[in-house]
Every structure is written in C-alpha cells, then in structure tokens.
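Survey of secondary and tertiary structure
Okay, here's what each chain looks like letter by letter:
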Amino acid sequence: MAYHYENLKLEKGMYSQSGRSFAQTLEALDPSENYKGTSLEGLDAFQRQLKRFDIKVKGAGSDRVEKFFWSTESAVLFPEFVSRVVRQGMEEESILPDITATVTNFDGMDYRSIASTPTEEEKKLKRVEEGAQIPQTTIHTQENLVRLHKRGRMLVAPYEAIRFQRLDLFAVTLRQIGAYMGRMHLEDAVKVLKDGDGNNNAAKVYEVGSNPIGGSKGTLSYDALLDFWAKFDPYTMNTMLVSNDMMLAMLKLSEFQNPNTGLNFQATGKLTTPLGAKLLRSSAVPAGTIIGLDKNYALEQICGSEVVVEYDKLIDRQLERAAITSVSGFAKLFTDAAKVLKV
C-alpha cells in the first residue's frame, strides 16, 4: 500500500509559512486522520517523515546526527527535531502549568491583557430583588502593555563535531538547553507575580511578626502560615511558591510531619501542605519569601512563539552558531489572587 507521506516534497520554505509552524504545515499536507486504522495510526506527520527516511532518534539503536543529512529532503527535518527536543526539556519538570491560570498565544511582542477590578462593595454577593438592578462586573483592557521577552541559548557546534554523535546523546544537550530556557521563563513569571506586569498590580506583601501576621520576624511558624492563608478570601490559596530555605523551614514544622504527608512526598516528590495548597520550590523565588496564589485566577502566560531555531543554518550544515529561542511573557489577572509573605 502506497502512503502519501512517502511522496511529500520537503523544502526549507515550509519553515517560513505565515502563521504556521513547520509541524502544522506538514500536518496540513499529510493529515494524520488519513492513517486511522493503519499501522501508522498514532504517529504525527513529522514522525511519519522520520519513518520515511528511517531515522531513529532514540533508544539503543538511535542513528547518528549525520543520518538527517543523507539527502537534502531529510535535512529539512533536522530543525524540527531540535525544536521538539528543546521543547521537551522546557516542559520536563516545569512548574509553569501549576502557577498559570491560562495560556494565550499571541503573534507580536507587546500584549494588552484584560482586567476586572471590583470594589469591596462590588465583591459582595447580594440578593437581586425582583425589578432591581443586577450588580455589574466591568472588564477593561489594561492601561499598560505587557512586554514579551525572547529567551534562548546559542547552540555552538560545528557540523563536523557532532555528525558522528548518536541522536539520543545529542538530545540530552538539547533538553538541557530547553531546561535553561524554561528556568528563564519561570523567573519572568515569579517577577510578575511579585512586582506586577507594569499596571500597578504588584502583590501585597505581608511580613511575619508584623500585624496581621503573627510569629517572630525571621522565623516561620504554622500560625504565621495560617494568618497568611486567611488573607486570601474570596480567593483560595491553593498553591505556594517558595524559596529553597523556606522549603526546608516548612519541612521542619511539626504540622508538616504528618505520616500521610511524608509518604506522599517520598513517593512523588510533591508536598501538599496541611493547608491544602500545593507546595512548589524554585530558586527563582528570593530567600525568605513565600508566594501564595490562587492559580486559577492569578497569572496569564502569553506565548509569542514556540521554540524557534535558525533553520537555514541547521539545514545547510553551517552550524557554527545557531540561536534557539522562545518568546513568552506574563500578565497579572486578578491582583488579590497572589500575595507575598516575607519571613
């Protein structure tokens, strides 16, 4: 049986289609739905092209990098391979999905988010009597733009230096590049949670030992955490983003040494606090700092582009230096949905 994917003409121009990534262009030319009920079901268009050129990218039998360059058409697949592995590195162990309420794809560098800033009176849930006016919620665009940032790494590897490397080994380096980029995006997210996105919406800061937070300054206590938790109404503090020292301080609290909590931490590496909030540690959070948030309402991630590679350099083997980048930014949705506790 002849398949359409075996006869596709691959060319560099497929990377420069307006509004489409290479993978989307390939999928439009060779839809996966055409392969339902066949041995190729479950593979996307790019994976079918790897099969076409017999390129094995992982496992004990993975091919060398040079396998991509055995023909001009198979070479076109190499930038997409790099992009996918870098994206995998960005997503592995990423905590961004745990702190963002929504992800918006945006083609540009300056983004204007929306906001709703109700007064204390408007926050109250009132009964609407017959014939009475229904309370209003006003939604407006933010006054200032949210700037997106390009984060990336430069891949410096002449073709002759990597041509004989196995693809699974080369992928380890690419995943590390992705991990670096993911950390930079996380640093951007933490900064916006704390300081706002330029629209006068920085998180309110509380200090241990200073009213209304009890305890002694410089020391974390469970009572202080309870006082902090109580400040989130009408939101719910369901996520806590903490620095390394605060993670250790929490683990030493007797309230966090519940057997069930400990067993879950040992089994999964994830710690759910007695307050019901997911506890996430990040070196992007300053020492002595806890960021509490309602992840359903606090932060919007704006993706200006997926992982982008300089495909010309990769395809033509002129791999002295090739930039791998990703454009992303963050906007505060509801200011009161994120607060900061300083110990």
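Look a little higher up for the structure.
Quick notes on the rules
- Residues numbered from 1 in each chain as written.
- Predicted model: local features only at pLDDT ≥ 70, side-chain atom pairs only at ≥ 80, totals over all residues.
- Heavy atoms only, no water.
- Helix = DSSP H or I, 4+ residues; strand = E, 2+ residues; numbered from the N terminus.
- Buried < 20%, exposed > 50% of the residue type's maximum accessible area, 1.4 Å probe, protein only.
- Contact = heavy atoms within 4.5 Å.
- Areas by Shrake-Rupley, 256 points an atom, 1.4 Å probe, with all protein chains shown as cover.
- Pairing = 2+ DSSP bridges.
- Arc of directions from axis to C-beta.
- Axes fitted to C-alpha atoms, helices over the stretch in contact; angles between N-to-C directions.
- Parallel < 35°, antiparallel > 145°, perpendicular 65-115°, else oblique.
- Nonpolar A, V, L, I, M, F, W, Y, C, P; charged D, E, K, R; others polar.
- Phe/Tyr/Trp six-rings, centres within 6.5 Å; stacked < 30°, edge-to-face > 60°.
- Salt bridge = Lys/Arg side-chain N within 4 Å of Asp/Glu carboxyl O.
- Expected span 1.5 Å × (residues − 1).
- Core = buried A, V, L, I, M, F, W, Y, C linked by side-chain atoms within 4.5 Å.

1. Quick notes on the overall build of the chain
Helices and strands together make up the secondary structure of the chain, namely twelve helices and 15 strands. Of all 343 residues assigned to the chain, the portion counted as buried reaches 42%. Put simply, 77% of the contacts in the chain that link residues at least 6 apart link residues at least 24 apart. Counting every atom, the chain has about 18700 Å² of accessible surface; 48% of that belongs to carbon and sulfur.

2. Things to note about the pairing of strand β8 (residues 239-242)
The side chains of a regular strand alternate between both faces of the sheet. Neither face of β8 is left uncovered, since the one carrying T239 and L241 and the one carrying M240 and V242 both have all their residues buried. Relative to strand β10 (residues 278-281), β8 is paired through four bridges, and the arrangement is parallel. What sits directly across from V242, in β10, is R281. With four bridges connecting them, β8 and strand β11 (residues 289-293) associate as antiparallel partners.

3. Section: the pairing of strand β15 (residues 338-342)
For β15, the tally of buried residues reaches four of five residues, placing the bulk of the element in the interior. Summarising the sheet, strand β7 (residues 204-207) and β15 pair through four bridges and their orientation is parallel. Bridge pairing in β15 links V205 to V340. Across five bridges, β11 lies against β15 in antiparallel orientation. Paired with G292 across the two strands is K339, which belongs to β15.

4. Quick look at helix α1 (residues 22-29)
Within α1, the full set of buried residues consists of F22, T25 and L26. One side of α1 carries all its buried residues, which in axial view fall inside an arc of 95°.

5. Quick word on the packing of α1 against helix α2 (residues 45-52)
With their axes 8 Å apart at the nearest point, α1 and α2 run at an angle of 80° to one another. One finds that α1 runs roughly perpendicular with respect to α2. Contacts between α1 and α2 involve F22, L26 and E27 on the former and, on the latter, A45, F46, R48 and Q49. Along the lines of polarity and charge, the residues of the contact of α1 with α2 split into four nonpolar, one polar and two charged.

6. Quick notes on the environment of A45
Looking at the secondary structure, you find A45 in helix α2. Along the sequence, A45 and A28 sit 17 residues apart, while their C-alpha atoms lie 8.8 Å from each other. Once residues within four sequence positions are removed from consideration, A45 is found in contact with L26, E27, D30 and S32.

7. Quick look at the packing of aromatic side chains
Under the defined criterion, the tally for this structure stands at 14 aromatic pairs. Centre to centre, the rings of Y5 and Y35 are 6.2 Å apart; their planes meet at 65°, and the pair counts as edge-to-face. Remark: Y35 occurs in the loop between α1 and α2 and Y5 occurs in the segment before α1; sequence separation between them is 30 residues. No difference in accessibility class separates Y5 from Y35, as the two residues are buried.

8. Concerning the pattern of salt bridges
Summed over the entire model, instances satisfying the criterion amount to 18 salt bridges. With a closest N to O distance of 2.8 Å, D44 and R84 form a salt bridge. One end of the pair, D44, is in the loop between α1 and α2; the other, R84, is in helix α4 (residues 78-91), with 40 residues separating them in the sequence. A residue is classified by how much of its surface remains accessible, and R84, at 22% relative accessible area, is partly exposed. Here E310 makes a salt bridge to K313, at a shortest N to O gap of 3.6 Å. The exposure class assigned to E310 is partly exposed, which follows from its relative accessible area of 33%. Through salt bridges with shared partners, one network takes in D54, K56, D63 and K67.

9. So, the side chain of D30
Turning to its location among the elements, D30 is positioned in the loop between α1 and α2. With residues up to four places along the chain from it excluded, the contact list for D30 reads H4, Y5, L8, Y35, A45 and R48.

10. Notes on α4
Over its 14 residues, α4 extends 20 Å from the first C-alpha to the last, a length consistent with the 20 Å expected when each residue adds 1.5 Å. Most of α4 is tucked away: ten of the 14 residues are buried. Every buried residue of α4 is listed here: F78, P79, E80, F81, V82, S83, V85, V86, G89 and M90. Directly beyond the C-terminal end of α4, a positive phi value near 60° is found at E93.

11. Observations regarding the nonpolar core
In this structure, F68, F78, F81, V82, L174 and I324 are the most contacted members of the largest nonpolar core, which totals 40 residues. Within the residue set of this core, elements represented by two or more residues are α1, α2, α4, α7 (159-162), α8 (167-195), α12 (311-315) and β14 (322-332). Beyond its immediate chain neighbours, meaning those up to four positions away, F78 contacts V65, F68, F69, F170 and L314. Counting residues in hydrophobic clusters, the runner-up holds 23 residues, among them L220, M240, M246 and I290.

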